[in-house]
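Descriptive analysis of the structure
If you want the building blocks of each chain, they are given just below.
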Amino acid sequence: MKILVTGANGQLGSELQALATTTGWEWTFTDREELDITDRSAVLSFFQQQQFTHCVNCAAYTAVDKAEEDKDLTLLLNATAVEYLAEACKEFGAELIQISTDFVFDGKAHLPLKEDQAVDPVNHYGFTKWKGEQAATDLMSNVVVIRTSWLYSRFGNNFVKTMQRLGKERDTLGVIVDQVGTPTNAADLADAIVQVIPQLVKDHTFGGIYHYSNEGVASWYDFAHEIFHQSNITVDLKPLATFQFPTPAARPHYSVMDKSKIKETFGIAIAHWKDSLKICIDQLAN
Ligand SMILES: NC(=O)C1=CN([C@@H]2O[C@H](COP(=O)(O)OP(=O)(O)OC[C@H]3O[C@@H](n4cnc5c(N)ncnc54)[C@H](OP(=O)(O)O)[C@@H]3O)[C@@H](O)[C@H]2O)C=CC1
Ligand SMILES: Cc1cn([C@H]2C[C@H](O)[C@@H](COP(=O)(O)OP(=O)(O)O[C@H]3O[C@@H](C)C(=O)[C@@H](O)[C@H]3O)O2)c(=O)[nH]c1=O
């Protein structure tokens, strides 16, 4: 197997790099400098030069608030570039694994969201990620789209590291309590992707959308509370309503995802978010 990872220096790409040596497969890790996925001819010639069996697209515009201003670039990277990758995968016989987000939903649900539930993104980032899903699946039936949520990792910037920094700088901190979802350690998602890939080789009919996060449910406030508890940081943490913490981009109030499909299709076991957080907090402490 010969696997291309784009956006490889981000959180998920870095976790895949950390796992690569355990697989025995041939991996090519690229970020913007080696392969700018918004450059169609560069993408096509990269695929032409090397016979990839799979492409895991970890590249994305993930600055949710900035995306509201940077609309064109967000659409280019999260949707048009995905179309280029799908085109190259189709032409040169590779399978595409596209990563998407819980932010494709409107956040008005009350029960865990299944893959076939209607999407209605609440912000521009979510809209472009949904367009990316469509760009990929319109071109190829065997694309695997994995929607995940609230990613964090020992690598890159994320909510865990922001809370650890703010918790040390401040005595009091307010965090939103009426947005509920599930945190996901990117290391677990990387591991799930490594479990999925060989199964795609055996059976080419697995194309479709899958939901993957860690198990359990949390508000951002719950997540922050647990980060401080596990990091031994003392801070006066106050629950805020969304209107008390205005942001340029709206966020869904509820985006817990139902993971039954990915668990049953690929036989994947998923850890609870608190247990996976502990692993990341320990990694950051060492
Ligand atoms: N972060 C989260 O909370 C969530 C993320 N997701 C999705 O998961 C996936 C992985 O996210 P995550 O690892 O957090 O993302 P990151 O933002 O950590 O990494 C994205 C990577 O893409 C790179 N990149 C940017 N532009 C290009 C380009 N033109 N060509 C190639 N690479 C480029 C970035 O480089 P540079 O830093 O130089 O810009 C960065 O290394 C994404 O699809 C994201 O939408 C889904 C749900 C939650
Ligand atoms: C820093 C901070 C944030 N918040 C809130 C704002 C927001 O509602 C929530 C999370 O803020 P962040 O900006 O860290 O995370 P955000 O950019 O909303 O995270 C999202 O990123 C994209 C890429 C995804 O795909 C989503 O699944 C999700 O992970 O916490 C507070 O309430 N207090 C604070 O001090």
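Quick note: structure is the one above.
Here's what I pulled together on the structure shown here. (Residues numbered from 1 in each chain as written. Chains lettered and ligands numbered in written order. Predicted model: local features only at pLDDT ≥ 70, side-chain atom pairs only at ≥ 80, totals over all residues. Heavy atoms only, no water.)

1. So, the state of the cysteines
- Throughout the structure, instances matching the rule amount to zero disulfides.
- No disulfide involves Cys-280; its nearest neighbouring cysteine sulfur is the one of Cys-58, lying 17 Å away.
- On the basis of relative accessible area, Cys-280 is assigned to the buried category, the value being 0%. (Disulfide = S-S within 2.5 Å. Buried < 20%, exposed > 50% of the residue type's maximum accessible area, 1.4 Å probe, protein only.)

2. Structural notes on the pattern of salt bridges
- For the structure shown, the criterion picks out 12 salt bridges.
- Residue Lys-274 pairs with Glu-226 through a salt bridge whose shortest N-O separation is 4.0 Å. Of this pair, Lys-274 sits in helix α9 (residues 273-285) while Glu-226 is found in helix α7 (residues 220-231), placing the two residues 48 residues apart along the sequence.
- Taking relative accessible area as the criterion, Lys-274 reaches 38% and is therefore assigned partly exposed.
- Residue Glu-226 is classed as buried on the basis of its relative accessible area of 11%.
- In this structure, the salt-bridge partner of Asp-282 is Lys-278, at a minimum N-O distance of 2.9 Å. One end of the pair, Asp-282, and the other, Lys-278, are both in helix α9, four residues apart, so they sit about a helical turn from each other. (Salt bridge = Lys/Arg side-chain N within 4 Å of Asp/Glu carboxyl O. Helix = DSSP H or I, 4+ residues; strand = E, 2+ residues; numbered from the N terminus.)

3. Some remarks on the site of ligand 1
- As a structural note, the neighbourhood of ligand 1 is formed by 25 residues, with Asp-31, Arg-32, Thr-62, Tyr-125 and Lys-129 the closest of them.
- One nitrogen or oxygen atom from the main chain of Ile-37 is found 3.1 Å from a nitrogen atom belonging to ligand 1.
- Here an oxygen atom of ligand 1 sits 3.3 Å away from a polar atom, N or O, in the main chain of Ile-99.
- Coverage of ligand 1 by the protein chains reaches 81% of its 900 Å² of free accessible surface.
- Breaking the shell around ligand 1 down by element, the ones donating at least two residues are α1 (11-20), β4 (95-101) and α4 (124-139).
- It is β4 that contributes the most residues to the shell around ligand 1, three residues altogether.
- Here the residues of the shell around ligand 1 are counted per class, giving 11 nonpolar, 10 polar and four charged. (Near = heavy atom within 4 Å. Polar contact = N/O pair within 3.5 Å; in protein donor to acceptor, adjacent residues only side chain to side chain. Areas by Shrake-Rupley, 256 points an atom, 1.4 Å probe, with all protein chains shown as cover. Nonpolar A, V, L, I, M, F, W, Y, C, P; charged D, E, K, R; others polar.)

4. Description of the environment of Trp-220
- Mapped onto the fold, Trp-220 is located in helix α7.
- For Trp-220, a relative accessible area of 16% corresponds to the buried category.
- Spatially, the C-alpha atoms of Trp-220 and Ala-285 are 22 Å apart, while their sequence positions differ by 65 residues.
- A distance of 3.2 Å separates the side chain of Trp-220 from the side chain of Gln-179, its partner in a polar contact.

5. Structural notes on the packing of helix α2 (residues 40-49) against helix α3 (residues 71-92)
- Two elements in contact, α2 and α3, have axes whose closest approach is 9 Å; the angle formed by their N-to-C orientations is 30°. Classed by the angle they form, the pair α2 and α3 counts as roughly parallel. The interaxial crossing formed by α2 with α3 has right-handed handedness. Together, Arg-40, Val-43, Leu-44, Phe-47 and Gln-48 of α2 and Tyr-84, Leu-85, Glu-87, Ala-88, Cys-89, Glu-91 and Phe-92 of α3 make up the contact between the two elements. (Axes fitted to C-alpha atoms, helices over the stretch in contact; angles between N-to-C directions. Parallel < 35°, antiparallel > 145°, perpendicular 65-115°, else oblique. Left-handed = near helix turned anticlockwise from the far one by under 90°. Contact = heavy atoms within 4.5 Å.)

6. Re the packing of α1 against helix α6 (residues 186-202)
- Contact geometry of α1 with α6 gives a least axis separation of 8 Å together with a crossing angle of 60°. Classified by the interaxial angle, the pair formed by α1 and α6 is oblique. Note on packing geometry: the crossing formed by α1 with α6 is right-handed. Across the interface between the two elements, Gln-11, Leu-12, Glu-15, Leu-16 and Leu-19 of α1 pack against Ala-186, Ala-187, Leu-189, Ala-190, Asp-191, Ile-193 and Val-194 of α6.
- Of the residues assigned to the contact of α1 with α6, the class counts are nine nonpolar, one polar and two charged.

7. Examining the side chain of Glu-95
- Relative to the helices and strands, Glu-95 is located in strand β4.
- The side chain of Glu-95 sits in the buried core without any salt bridge; Lys-202 is the nearest counter-charge, 12 Å away.
- What Glu-95 contacts, discounting residues up to four positions off in sequence, is Thr-53, His-54, Cys-55, Cys-89, Asn-142, Leu-200 and His-204. (Lys, Arg positive; Asp, Glu negative; His and termini not counted.)

8. Section: the site of ligand 2
- Residues in contact with ligand 2 amount to 19 residues; listed here are only the nearest, Thr-101, Asp-102, Ile-176, Gln-179 and Arg-251.
- With respect to ligand 2, the backbone of Gly-174 contributes an N or O atom lying 3.0 Å from a nitrogen atom.
- Arg-251 is positioned with one of its side-chain polar atoms (N or O) 2.7 Å from an oxygen atom of ligand 2.
- In isolation ligand 2 offers 700 Å² of accessible surface; the protein chains occlude 82% of this area.
- When its residues are assigned to classes, the shell around ligand 2 shows 12 nonpolar, five polar and two charged.

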